Amino acid sequence: MNISRRKIIGTICLMLSAAMLATGCGEKTVQPAKTSSLSAAEEGKIYFRGTRSITDSELSGDIRSCRFRDRKFYFLTLSGYDDESAERKLYSCGMDGSGTSEIKLNASGEILCFNINSSGELVIITNDDEGKYHLLTCSADGSVKTDNDITEQLKDDYPVDIALDGIGNTYINCNYSNLRILDGELNVTADIECGYIDKMINSANGDICIYSGDDQTRLHSVNAADGTLSDGIKISDDDYGYDSTPVDGFGDTDIFVKNGSALYSYDLETGEKIQILDWTESNVNISEANYVFPVSENEFAAAGSTASGNPTAVYDIHTIDPSEIVSKKTITLAGSDSTSQAFQAAAVAFNTSDPDYNISIKSYPAESYGNDINTEILAGNIPDMLITTSDVPYESYISKGILADMYPMLDNEKDMSRSDFLPNILSAFETNGKLFRIPDSFELETVIGKSSLIGSASFSELEKLAEQYPESEILPAETKDSVLRYWLEMNAADYYDRENGKFNFNNESFIALLRFADKFPDKIDQDSYFDEGFWNRLDTMYAKDEALLMNSLISNYNNIFYFEKNNFGEAVTAAGFPSASGNTKAAFRCNYSLGISAASENIGGAWKFVKYILSEEYQDSIADDFPIRISSLQKQAQKAMAKASPDSIYIIQMGDMAFGSRFDSSKYGTPTQSDIDKVNDIINSAEREMYVNTDIAAIVTDEAAAYFAGTRSAEDTAAAIQSRADIYSSENR
């Protein structure tokens, strides 16, 4: 898969009043309990409560699709991702997770997709050993009632998903881009080009709607009679449709729409969207609510898993009497719709266990988050907690004394101390010896290369390497601007003094960077660069020395091990991003961190939430990144050595792109202690966090353009950047 290079998501800060500001003017795996207390009930409000259960038997593989009928869940799972090891299985369980069992078909062939018809029968598409496609109708126990060969109807297309309307038509998502419609006699009545098809759902009247599009995902109603689609409807808050997912309709509600914060009813004719329930208030971990289904007007079912290999959770989400609501102090956590989910599971778990405080999450559109927060602050609508991104100036909050030093709070705990956490992660977040922010987890950004070729990434050593391998790419797919941006993120200590907010670009190290960046192309045509030939050689380009250095994101103990086995074919060294000194071996990429307002009325509750994030319970649950608690980090290392990760994803970064490669890593075995020690050495070498300042990056790339065009010297360019950075610093400190 291709994804844009991720930016640091930012930090969480608890804020002072608007008056004080005016004077100075990021899935963790958490297992929440089954009950929760909410803030005092509001008159006339309908409250929902999610009752969570775990399937009483483990499902084999990852869930690929899920259906719900007659208070039972049906799951199609996939384990293994290559042709030899891939295996699909069908399961069912009750709404409370009980009775989990595999449904075995009395027919040969691999199950590709399925749905359930109005009679409660399973409708399944399979692919047999001869490559033929079959459309099966089966009873709930897997007994085949009908078996029709639909190979001719599908031609050479691959069936990804299947939907059924109320009048006997079958809708098949082919290759994620074509909608094939078959009538009751299995004749093809329409073949519609749709762009990328994300999902197919049933509206309340049984009609089929597809959520599709290339650049902008929209909801389209399907007219089976003439094989056409309606004009697309925007159901999400962002322009691209990434933040929302359509859900089957029910009763008087055409469809439902879910996002990371809430579930809404949606009127297809008027476009009216009304919130039905809030996930956090309803005690539902949205990371587990991958699939949502209406059961009745006042009940919903949900199911899913937070990550590969984690238990499958099922929810019965139903209304409760307002008298069950317990009064608590509410702490508001504000974030963008793409970052507020970071602590949603933690908020649910905290709310269920804490008798005094309740975390309430308020989300804003990602594209306007910074401006929205500024508007809220100026209007006096101050959230208690804030998830900040590069759009929100948390450094300014620190310089104005808005955030409290958490070291005294930590030192006052009897069951927790500084020694429980990685000392270099604490020091990386210190400002003038005080701890105003603390992350819950981290990843590592570095550049790796064969140990036989590279020791450090100093400009001088890389120039020698380039002379030795003139036909090779030092950093594939990088451009002048991408080299500058990544250097700014990785090597902040070379130009930025966080203690006083000053920048230093007018020096020989930065001038050397400009000259190094000038060796790269101005731009890359991605279509021609990332062609079929590129993908064919991706796994071997580093082993064959066609490419020498890899921008890599290290998020677990398996990554370096798999890079060595799968890409380089030998031991690698974490050299850090190229710089004049070559001293920065790695930097912390911390997706989230927590801070507390020095004047918060809820400072006790705020610290309790921070303490929960730092607790062994929470830290042990972190699976996608490295935890900052030493004991939890050690447990993660032991897990890596004990069991191979069968379906790993590792990230290769090139220019403005990052590639998530998924493969069956079990064939490589597991890391040994020496492999674990190598990762620990990289962790221990990191001294600073990644620094993302889009304003400074814009200044640097803007002024560097004249140097790259040959109209200004590197020295004069550095001086021009310094002048603008000084102005920026004085205006924003």
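Residues numbered from 1 in each chain as written. Predicted model: local features only at pLDDT ≥ 70, side-chain atom pairs only at ≥ 80, totals over all residues. Heavy atoms only, no water.

Engineer: Could you give an account of the overall build of the protein chain, with specific residues and numbers?
Structural biologist: Helix and strand counts for the protein chain stand at 19 helices and 42 strands. Residues counted as buried form 56% of the 733 residues belonging to the protein chain. Surface accessibility of the protein chain: about 30000 Å² in total, with carbon and sulfur atoms responsible for 45%. (Helix = DSSP H or I, 4+ residues; strand = E, 2+ residues; numbered from the N terminus. Buried < 20%, exposed > 50% of the residue type's maximum accessible area, 1.4 Å probe, protein only. Areas by Shrake-Rupley, 256 points an atom, 1.4 Å probe, with all protein chains shown as cover.)

Engineer: How would you explain the packing of aromatic side chains if you had to name every residue and give the values?
Structural biologist: Scanning all chains against the criterion turns up 32 aromatic pairs. Between Phe-442 and Phe-626, the ring centres sit 5.2 Å apart and the planes meet at 25 degrees, which makes this aromatic pair stacked. Taken together, the residues Phe-442 in strand S33 (residues 441–450) and Phe-626 in strand S40 (residues 626–627) connect sequence positions 184 residues apart. Given a relative accessible area of 0%, Phe-626 falls into the buried group. Ring geometry for Tyr-557 against Phe-626: centres 5.4 Å apart, planes inclined by 85 degrees, an arrangement best described as edge-to-face. Of this pair, Tyr-557 sits in the loop between strand S36 (549–554) and helix H13 (559–568) while Phe-626 sits in strand S40, and the two are 69 residues apart along the sequence. A relative accessible area of 3% means that Tyr-557 is categorised as buried. The structure contains a cluster of three or more aromatic residues connected by ring pairs, namely Trp-487, Tyr-495, Tyr-496, Phe-503, Phe-505, Phe-510, Tyr-691 and Tyr-728. (Phe/Tyr/Trp six-rings, centres within 6.5 Å; stacked < 30°, edge-to-face > 60°.)

Engineer: How would you summarise the sheet that holds strand S15 (residues 188–193) if you had to cite specific residues and measurements?
Structural biologist: With antiparallel pairing, four strands are arranged side by side in an open sheet as S12-S13-S14-S15. Looking along the sheet, the strands with just one partner apiece sit at the ends: strand S12 (159–164) and S15. Looking at each pair of strands side by side, their axes are set apart by 20 degrees on average, direction ignored. (Pairing = 2+ DSSP bridges. Axes fitted to C-alpha atoms, helices over the stretch in contact; angles between N-to-C directions.)

Engineer: Before we move on, could you go through the pattern of salt bridges and cite the residues and values that matter?
Structural biologist: If you walk through the whole model with that rule in mind, you get 30 salt bridges. The closest approach of N and O atoms between Arg-71 and Glu-299, which form a salt bridge, is 2.8 Å. With Arg-71 in the loop between strand S4 (62–69) and strand S5 (72–79) and Glu-299 in strand S25 (residues 299–304), the pair connects residues that are 228 residues apart, well separated along the chain. Through salt bridges with shared partners, one network takes in Asp-702, Glu-703, Arg-712 and Arg-724. (Salt bridge = Lys/Arg side-chain N within 4 Å of Asp/Glu carboxyl O.)

Engineer: I'd love a proper account of the environment of Thr-446, names of residues and values included.
Structural biologist: Relative to the elements of secondary structure, Thr-446 occurs in strand S33. Spatially, the C-alpha atom of Thr-446 lies 6.2 Å from that of Asn-551, the residues being 105 residues apart in sequence. If near-sequence neighbours (up to four positions away) are discounted, Thr-446 is found in contact with Tyr-486, Met-490, Met-550, Asn-551, Ser-552, Ile-554, Ala-574, Ala-575, Gly-576, Lys-585 and Ala-586. Within polar-contact distance, the side chain of Thr-446 engages the backbone oxygen of Lys-585 at 2.6 Å. (Contact = heavy atoms within 4.5 Å. Polar contact = N/O pair within 3.5 Å; in protein donor to acceptor, adjacent residues only side chain to side chain.)

Engineer: Summarise the sheet that holds S25; cite the residues concerned and give the values.
Structural biologist: Strand order across the open sheet formed by four strands is S3-S26-S25-S24, with antiparallel pairing between neighbours. Looking at the sheet topology across the chains shown, the edges are occupied by strand S3 (47–54) and strand S24 (291–296). Adjacent strand axes in the sheet meet at a mean angle of 25 degrees when their direction is disregarded. Of the strand pairs in this sheet, S3 and strand S26 (residues 313–320) are connected by eight bridges, and their pairing is antiparallel. If you follow Gly-50 over to S26, its bridge partner there is Ile-317.

Engineer: Could you give me a rundown of the side chain of Thr-137, with the residues and numbers involved?
Structural biologist: If you trace the backbone, Thr-137 turns up in strand S10 (residues 133–138). What makes Thr-137 buried here is its relative accessible area of 16%. There is a polar contact of 2.9 Å between the side chain of Thr-137 and the side chain of Thr-146.

Engineer: Break down the packing of helix H16 (residues 630–642) against helix H17 (residues 673–685) for me, citing the residues and quoting the values.
Structural biologist: Taken N-terminus to C-terminus, the directions of H16 and H17 make an angle of 145 degrees; their axes are 10 Å apart at the nearest point. Here H16 runs over H17; the crossing is right-handed. Residue-level inspection shows Leu-633, Ala-637, Ala-640 and Met-641 of H16 in contact with H17, the latter providing Gln-673, Ile-676 and Ile-683. The class makeup of the residues in the contact of H16 with H17 is six nonpolar, one polar and no charged. (Left-handed = near helix turned anticlockwise from the far one by under 90°. Nonpolar A, V, L, I, M, F, W, Y, C, P; charged D, E, K, R; others polar.)

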